[in-house]
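Report on the structure
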Amino acid sequence: MASQQPFAVDTLSFFEWTQWIMLPRFEALIEQQAPLPGNCNIAPMTETVVQQEGIDGEQLIALFHRLDQTLNGTH
């Protein structure tokens, strides 16, 4: 977990990062009633990974777009 790269790309897959870093961090913030990030742009990374992996990820991409919009206050 000492990675200095965005999304820990040098040590984790995007999906591992989402499962083991992003979601637990968001959960901890919510439990502490701390503010969530005010600027989130994870959907483009999701799109890139889905395309690279050749998987059907349209629903996943849509969810991350909603997350970005909600956290950015554009939803």
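Structure shown above.
This report concerns the structure included in the present document.

Here is what the cut-offs are and how they apply
- Residues numbered from 1 in each chain as written.
- Predicted model: local features only at pLDDT ≥ 70, side-chain atom pairs only at ≥ 80, totals over all residues.
- Heavy atoms only, no water.
- Phe/Tyr/Trp six-rings, centres within 6.5 Å; stacked < 30°, edge-to-face > 60°.
- Buried < 20%, exposed > 50% of the residue type's maximum accessible area, 1.4 Å probe, protein only.
- Helix = DSSP H or I, 4+ residues; strand = E, 2+ residues; numbered from the N terminus.
- Contact = heavy atoms within 4.5 Å.
- Expected span 1.5 Å × (residues − 1).
- Bend = angle between axes of the 7 residues up to and from the residue.
- Core = buried A, V, L, I, M, F, W, Y, C linked by side-chain atoms within 4.5 Å.

Below, the discussion takes up the packing of aromatic side chains. Counting across every chain of the model gives 3 aromatic pairs. Summarising the aromatic geometry, the rings of F14 and F15 are spaced 5.6 Å apart at their centres and angled 75 degrees between planes, so their arrangement reads as edge-to-face. With a relative accessible area of 32%, F15 lands in the partly exposed category. Here the aromatic cluster, defined as three or more aromatic residues joined through ring pairs, consists of F14, F15, W17 and F64.

Here the focus is the side chain of T18. Looking at the secondary structure, you find T18 in helix α1 (residues 14-31). Take T18: its relative accessible area is 11%, and that puts it in the buried class. With residues up to four places along the chain from it excluded, the contact list for T18 reads L23, P24 and F64.

Here the phi dihedral of Q33 falls at roughly 55 degrees; this positive angle occurs in a residue that is not glycine. Locating Q33 in the fold gives a position in the loop between α1 and α2 (43-53). For Q33, a relative accessible area of 73% corresponds to the exposed category.

The next thing to look at is α1. Side chains three or four residues apart in an α-helix point the same way, a direct result of the helix having 3.6 residues per turn. Over its 18 residues, α1 extends 24 Å from the first C-alpha to the last, a length consistent with the 26 Å expected when each residue adds 1.5 Å. The largest bend in α1 amounts to roughly 30 degrees and is located at M22, with the proline P24 lying one to four residues further along. Taken together, the buried positions of α1 are F14, W17, T18, M22, F26 and L29. Contacts made by the buried residues of α1 are with α2 and α3 (58-72).

Side chains of nonpolar character tend, in soluble globular proteins, to be buried together. One finds F14, W17, M22, I42 and F64 to be the most contacted residues of the largest nonpolar core, which totals 13 residues. Counting residues per element, the ones that place at least two in this core are α1, α2 and α3. Counting residues per element, this core draws most heavily on α1, which supplies 4 residues. The residues touching M22, leaving out its near neighbours within four places in the chain, are W17, I42, F64 and L67.

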